[in-house]
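Structural description and commentary
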Amino acid sequence: MVKESTIVNAIMKRARSLGFWVTKIHGGNYQRSGLPDLLCIKGGRAFWLEVKRPEGKPTKLQLHTIAELQEFGCIAEVVYSLAEAEEVLGV
């Protein structure tokens, strides 16, 4: 079984190699709940990625937040692998 952190790290490494600015979102008391795991920016576009293991599924709050980000014109998706993340990022 692959760890979520392994997928996150692979996505971050690949996105950075393609010229994206990338940050991992860490939850905390001063942050809004439900934000996706990764924020990748390139060419003025924001890509929010909620990373899950292949057998995982997002919470209702995560899905609501993703929909909200999409309404603001961001690309926001749930991904289960590096390949899916590359597709969302357009590479």
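Every value quoted in this text rests on a predicted model; they were computed, and no experiment measured them. (Residues numbered from 1 in each chain as written. Predicted model: local features only at pLDDT ≥ 70, side-chain atom pairs only at ≥ 80, totals over all residues. Heavy atoms only, no water.)

1. Quick look at the overall build of the protein chain
- Helix and strand content of the protein chain: 3 helices and 4 strands.
- For the protein chain, the succession of helices and strands along the chain, N to C, is α-β-β-β-α-β-α.
- Computed over the C-alpha atoms, the radius of gyration of the protein chain is 12 Å, within 12% of the 12 Å expected from 2.2 N^0.38 for a compact globule of 91 residues.
- With the C-alpha coordinates of the protein chain rotated into their principal frame, the extents come out at 35 × 30 × 20 Å.
- Burial statistics for the protein chain: of 91 residues in total, 35% are counted as buried.
- At a minimum sequence separation of 6, the contacts of the protein chain that also span at least 24 residues come to 53%.
- Of the roughly 5,700 Å² of accessible surface on the protein chain, 54% is carried by carbon and sulfur atoms. (Helix = DSSP H or I, 4+ residues; strand = E, 2+ residues; numbered from the N terminus. Rg over C-alpha atoms; globule rule 2.2 N^0.38 Å. Buried < 20%, exposed > 50% of the residue type's maximum accessible area, 1.4 Å probe, protein only. Contact = heavy atoms within 4.5 Å. Areas by Shrake-Rupley, 256 points an atom, 1.4 Å probe, with all protein chains shown as cover.)

2. Re the pairing of strand β4 (residues 75–79)
- In this sheet, β4 lies alongside strand β3 (residues 45–51) in parallel orientation, the contact comprising 5 bridges. If you follow Trp 48 over to β4, its bridge partner there is Ala 76.
- The handedness of the β3 to β4 crossover, carried by helix α2 (residues 60–71), is right-handed. (Pairing = 2+ DSSP bridges. Right-handed = clockwise from strand over helix to strand, strands pointing away.)

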